[in-house]
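Now for the letters of each chain:
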Amino acid sequence: MNNDSKVIVALDYNSAASAQKFVDSVSPELCKLKVGKELFTQSGPEFVSGLVGRGYDVFLDLKYHDIPNTVAKAVRVAADMGVWMTDVHASGGRRMMEDAREVLEQTNSNMLLIAVTVLTSFAEEDLAEIGIQCSPEEQVLRLASLAQSSGMDGVVCSAMEAQGLRRALGETFTLVTPGIRPAAAAGDDQRRVVTPTDAIANGSSYLVIGRPITQASDPVATLLAINSEIST
């Protein structure tokens with residue numbers, strides 16, 4: 001890891017040029033960076049490699065979910081790119097996660113491998129529509145426990161669930177929490193949202209923050225303010 005920042009800025013841009021403008025305004029000491037599906041599809045591995053080459057810790061957020069062999073091969077490619085962290089869907093099951101872990105051990109990679117539990121856009125009624133008859137909190141704990149026993153370094157979850165997961169899964173398990181919104185920011189399409197200070201208090205390891213920073217009138221000032229808020 002190149003820095004101790006707990007903030008992962010989601011580069012929610014539709015082009016490399018737009019994302020690069022933000023990247024050029026900050027530094028690896030101020031934040032880590034997340035590249036998701038839209039930007040990766042538009043700009044490809046070359047953009048990610050460029051961020052790594054500049055010293056940024058990059059979270060490649062592609063949420064792999066496929067047959068075990070396919071996911072394992074994709075995870076290996078991510079590790080070869082030099083990214084700091086990538087993720088799979090815990091709902092892909094134990095064998096998929098174990099195969100992904102095994103390929104990293106075979107290559108002596110220290111890339112963090114985490115699992116997505118329940119997307120922060122989901123509420124209980126959304127789970128019910130896909131046949132899961134329990135609360136988001138119950139499903140998160142079920143999938144997080146499965147992920148830990150399958151060799152994952154941590155999970156993606158809402159900071160609302162972080163406190164319970166920290167108690168259940170221990171202090172060393174990495175909890176990456178999206179849906180972080182400063183008090184003055186709008187909720188957008190995220191439903192289970194928490195402020196940065198509360199997220200850290202709940203046990204979050206890293207905070208994924210996108211639009212409240214990238215769409216702010218002064219993104220760098222907003223990032224600095226959040227860093228200051230969670231370091232006090």
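Residues numbered from 1 in each chain as written. Predicted model: local features only at pLDDT ≥ 70, side-chain atom pairs only at ≥ 80, totals over all residues. Heavy atoms only, no water.

Per an unreviewed UniProt entry, the protein goes by Orotidine 5'-phosphate decarboxylase and derives from Porticoccus litoralis. UniProt lists a comment for the protein under the heading Sequence similarities (unreviewed entry), and it reads "Belongs to the OMP decarboxylase family. Type 1 subfamily." Looking at the protein in UniProt, the text filed under Function (unreviewed entry) is "Catalyzes the decarboxylation of orotidine 5'-monophosphate (OMP) to uridine 5'-monophosphate (UMP)." (UniProt positions renumbered as here; feature names shortened; annotations may be inferred.)

**Student:** Report on the side chain of threonine 214, specifying residues and quantitative values.
**Tutor:** With respect to the element layout, threonine 214 can be found in helix 9 (residues 211-214). You can call threonine 214 buried: its relative accessible area is 11%. When sequence neighbours within four positions are dropped, the list of residues in contact with threonine 214 reads Val9, Ala10, Tyr13 and Pro219. (Helix = DSSP H or I, 4+ residues; strand = E, 2+ residues; numbered from the N terminus. Buried < 20%, exposed > 50% of the residue type's maximum accessible area, 1.4 Å probe, protein only. Contact = heavy atoms within 4.5 Å.)

**Student:** An account of the state of the cysteines is requested, with residue identities and associated values reported.
**Tutor:** Inspection of every chain in the model, using the stated rule, returns zero disulfides. Here cysteine 134 stays unpaired: no disulfide links it, and the sulfur of cysteine 157, its closest cysteine neighbor, is 15 Å away. (Disulfide = S-S within 2.5 Å.)

**Student:** Any chance you could break down the UniProt feature "active site" (unreviewed entry) in the protein for me, citing the residues and the numbers?
**Tutor:** Here, the residues flagged by UniProt with the feature "active site" (unreviewed entry) are Asp61, Lys63 and Asp66. Along the chain, lysine 63 falls in strand 3 (residues 58-64). The residues contacting lysine 63, other than those within four sequence positions of it, are Lys37, Asp87, Val88, His89, Val116 and Leu119. With respect to the helices and strands, aspartate 66 occurs in the loop between strand 3 and helix 3 (68-80). Look past the residues within four positions of aspartate 66 in its chain and what remains in contact with it is Val71 and Met96.

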